[in-house]
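Architecture at a glance
Below are the chains, spelled out letter by letter.
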Amino acid sequence: MILQRLLFLLLFLSINYQAYSQIPAPDLYCVKGDTVHWDLPVVNCGAVQSYELYYALNYFGPYQLLASILDINQTEYIFNSSPGGIIYYYMTTNASCSGLSSLSSDTLDSASPLPVAIKEVTVNGNDILLSWSKGNSPETSAYIIFQGLGNGVVHALDTVTTLNFTDYNRNTSNSSYTYYIVALDRCGGTSIFSDPHSTILLSGNIDTCQKKINLQFNEYKGWPGKTSYVLLQSIDNGLEVPLDTSQNATFDIPDLQDDKEYCFRIRAISEDMLQVSYSNVLCFHSRISKTITSLCVFDIENSLGNSNMDSMMITFKTNQDIPIQSLYLKESKDIATIATMQEVAIPVFNNKVSLASTGEVTYYQFISLDVCGNRVESEIFSNLIVNAMLRPDNSVDISWNSMEWGNGTVVEYVVERINTSIDKKVIGTVGNDELEYTDHLIVEKDNQTRYCYQVIGKVESSCNKNQRIEVLSNIVCVEKTAGAYMANAFIPGGNFAEFKPIFYFSESIADYEMLIFDRYGNKVYTTNNPEKGWNGNKLNQSNQPMPNGVYSYYVRIKSGNGSEQILKGGLTLIR
């Protein structure tokens, strides 16, 4: 009886092994152009006879046999007669495995991998955690993580094979970060970028006079539908608890206790409640702040490496160096109207603010409001705008506006000539009542065609008695563009031995051509040398003198900056 059961069990296992074992297919992993790539399968049930490659022009078929691969070590196939468009492929293995069916590989297409979907990006201290779905393309083998830098610019961070990534040591308290994911196959093919997802940046201010904290945050970007937000709060490093729920981007926390450390962060929840993202942690101390009674500009730094001075960093000094909580700006092109201009709130950090240059003479005034609403106005001051004009006598007239500085005195202006971003030379210093300077160029010594200038206004301010404030102007450049004047008559052997252009800024000539034609349109002279002219003879072996009459000229002058001047006209040859 026991022996019969054992025989029955062996027969059952044999039948089931044959029923459920199958011949493995090649691992079809990518299609690049018209070339199909695969990894060889491990077939233990019998000898491999061939690999069968099928294709179709539609995912649902019909599929037809493209090739029987008889070389069992072959790992790629080129579809030489490809009809173009998106083609779908799958493979099977033909092996001498009696009674076993063949498995089919994944079906791949010749298109790029499909994009993946980011699940969430979330802040964890100074790190940012990303996770995403695998995607619907079986050929995907890795993922490229990109950070968005704004204005359509992205930066590749890493390539991973997992479905998560940590971006370490980010300035999560001051910036929101945007990420994209791109799917990658083993042939180097990539998907389009995923939809971007951006972290939540929490910011805010405290009003210790009204015992209230106001918080703002940028909404989470990336999830479809409405996102809900929960404000989490902890006091003096205590337990973090939910404080409020909102779909808006602001929260107010009233009734603060004195001398407490309040810390907050935002928890965002997707509409389907499957994904969660956290903001940075923002903390405030509820100790009452000092009151600002004076506000003045202490220093100005221009943006480094920017020839147009697009921005300037302004540092303020307050009584007892009290931090500025809120700052507003009034600006005008006319000092007489600045008092009536609208006040615009601007961000301030460590008593510093970045101010964009307008490119025009502009007057500024700042207004600070401390935590108790005390209003203090700064002095009125202006930027420094320089202009330059190149004259035909190789001199450059440089001029600038008279700077305004309410709590100080403009002592002098320093004029610099700039050859490169680091090669600057002071060419003149003038008093505060002089607003122009002339630079006489020495062409034979420098042989340059482009000259750039910057003016520095030096200010003695009551805010900064230890050193002068230096206010940099914009950088202005002039460039020599070659040109010429043409005579309308020519006497060989006269005052001018040859007929040629009278050049100005000839050192800028990069390419030149002069042609002379007779009245019938025949070319009688040509040259590419601006130093050479026409002597009135025909340019041939006989060099015969041309008769009196009217001739036409064509002159093309191209400068090193790419500009081009064409001169056409007639001249009378007189002998």
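Structure's up top.
A few points on the structure. The structure presented is a predicted model; accordingly, all values stated were derived computationally and were not measured.

Moving on: the state of the cysteines. Across all of its chains, the model carries 4 disulfides by this definition. The disulfide bridge from C45 ends at C97, spanning 1.9 Å between sulfur atoms. Taking the torsion about the S-S bond as the criterion, the C45 to C97 disulfide, at about 80 degrees, is right-handed. Of this pair, C45 sits in the loop between β3 (35-39) and β4 (48-56) while C97 sits in the loop between β7 (88-95) and β8 (101-102); the two residues are 52 residues apart in sequence, bridging distant segments of the chain. Note that C263 is cross-linked by a disulfide to C283, the S-S spacing being 2.0 Å. Sign of the S-S torsion, about 110 degrees for the bond between C263 and C283, identifies this disulfide as right-handed. Of this pair, C263 sits in strand β22 (residues 261-269) while C283 sits in strand β24 (residues 282-285); the two residues are 20 residues apart in sequence, bridging distant segments of the chain. Here C263 falls in the buried class, since its relative accessible area comes to 10%.

For the rest of this paragraph, the subject is the sheet that holds strand β12 (residues 140-150). Reading across the sheet, the 4 strands line up as β13-β12-β15-β16 and stay open at both edges, with antiparallel pairing between neighbours. Looking at which strands have only one partner, the edges of the open sheet turn out to be β13 (153-160) and β16 (197-198).

Right, let's get into the nonpolar core. Residues I314, F316, F366, I398, W400, W405 and Y453 are the most contacted members of the largest nonpolar core, which totals 39 residues. Per-element tally for this core: the top contributor is strand β38 (residues 450-461), with 4 residues. Setting aside its immediate chain neighbours within four residues, I314 contacts V297, D299, I300, N351, K352, V353, L355, F366 and F381. Judged by nonpolar contacts, the second largest core, of 34 residues, contains V116, L130, W132 and Y177.

Okay, the pairing of strand β47 (residues 564-573) next. Summarising the sheet, strand β42 (residues 489-490) and β47 pair through 2 bridges and their orientation is parallel. If you follow F490 over to β47, its bridge partner there is L573. Looking at chain direction, strand β46 (residues 549-559) and β47 are connected through 10 bridges and run antiparallel. The partner of Y551 across the bridge, within β47, is L571. Where β46 hands over to β47, the hairpin turn is made up of 4 residues, of which G562 adopts a positive phi near 95 degrees.

Next up on the list: the layout of surface pockets. The calculated volume of the largest pocket comes to roughly 1,200 Å³. For the largest pocket, the lining is made up of 36 residues, of which G204, I324, Q325, V348 and F349 are closest to its centre. Taken together, the elements giving at least two residues each to the lining of the largest pocket come down to β17 (202-207), β24, β26 (311-318), β27 (326-332) and β28 (344-346). The biggest single contributor to the lining of the largest pocket is β17, with 5 residues. Its residues assigned to classes, the lining of the largest pocket comprises 18 nonpolar, 14 polar and 4 charged.

So, on to the side chain of K480. Mapped onto the elements of the fold, K480 is located in the loop between β40 (476-479) and β41 (483-485). With a relative accessible area of 1%, K480 lands in the buried category. A distance of 2.8 Å separates polar atoms of two side chains, one belonging to K480 and the other to N394.

In the structure shown here, the tally under the stated rule is 23 aromatic pairs. Ring geometry for Y63 against Y90: centres 5.2 Å apart, planes inclined by 70 degrees, an arrangement best described as edge-to-face. Taken together, the positions of Y63 in the loop between β4 and β5 (64-69) and Y90 in strand β7 put the pair 27 residues apart, joining distant regions of the chain. Here the aromatic rings of W400 and Y413 are separated by 5.6 Å at their centres, their planes lie at 55 degrees, and the arrangement is tilted.

The linkage connecting G61 with the following residue, P62, adopts the cis geometry, with an omega of 5 degrees. With respect to the helices and strands, the residue P62 is situated in the loop between β4 and β5. If you check the backbone angles, D255 has positive phi at about 55 degrees while not being a glycine. Its location among the elements puts D255 in the loop between β21 (250-253) and β22. The residue M273 is not glycine, and still its phi comes out positive at about 60 degrees. Within the fold, M273 resides in the loop between β22 and β23 (276-278). With a relative accessible area of 65%, M273 lands in the exposed category.

Read from one edge of the open sheet, 3 strands run β17-β18-β21, paired in antiparallel fashion. Two strands close off the open sheet at either side, each with one partner strand: β17 and β21. Averaged over all pairs of adjacent strands, the angle between their axes in this sheet comes to 15 degrees, without regard to strand direction. Pairing of β17 with strand β18 (residues 212-217), which is carried by 6 bridges, proceeds in the antiparallel orientation. For G204, the partnering residue across the bridge sits in β18 and is L215.

A word on the pattern of salt bridges. Under the defined criterion, the tally for this structure stands at 16 salt bridges. Its salt-bridge partner being E479, residue R450 comes within 3.3 Å of it at the nearest N-O pair. You can see R450 sitting in strand β38 and its partner E479 sitting in strand β40, a full 29 residues away along the chain. On the accessibility criterion, R450 (43% relative accessible area) is partly exposed.

Along the chain, T107 falls in the loop between β8 and β9 (108-109). Given the relative accessible area of 25%, T107 is considered partly exposed. For T107 and Q320, which are 213 residues apart along the polypeptide, the C-alpha to C-alpha distance reads 72 Å. When neighbours within four sequence positions are excluded, T107 is seen to be in contact with Y59, Y63, Y88, Y89, Y90 and P138.

The rules we used
- Residues numbered from 1 in each chain as written.
- Predicted model: local features only at pLDDT ≥ 70, side-chain atom pairs only at ≥ 80, totals over all residues.
- Heavy atoms only, no water.
- Disulfide = S-S within 2.5 Å.
- Helix = DSSP H or I, 4+ residues; strand = E, 2+ residues; numbered from the N terminus.
- Buried < 20%, exposed > 50% of the residue type's maximum accessible area, 1.4 Å probe, protein only.
- Pairing = 2+ DSSP bridges.
- Core = buried A, V, L, I, M, F, W, Y, C linked by side-chain atoms within 4.5 Å.
- Contact = heavy atoms within 4.5 Å.
- 1 Å grid on protein atoms, 1.4 Å probe; cavity = no way out; pocket = protein on both sides within 12 Å on 5 of 7 lines; lining within 4 Å.
- Points joined across faces, edges and corners; volume = space filled by probe spheres on them.
- Nonpolar A, V, L, I, M, F, W, Y, C, P; charged D, E, K, R; others polar.
- Polar contact = N/O pair within 3.5 Å; in protein donor to acceptor, adjacent residues only side chain to side chain.
- Phe/Tyr/Trp six-rings, centres within 6.5 Å; stacked < 30°, edge-to-face > 60°.
- Axes fitted to C-alpha atoms, helices over the stretch in contact; angles between N-to-C directions.
- Salt bridge = Lys/Arg side-chain N within 4 Å of Asp/Glu carboxyl O.

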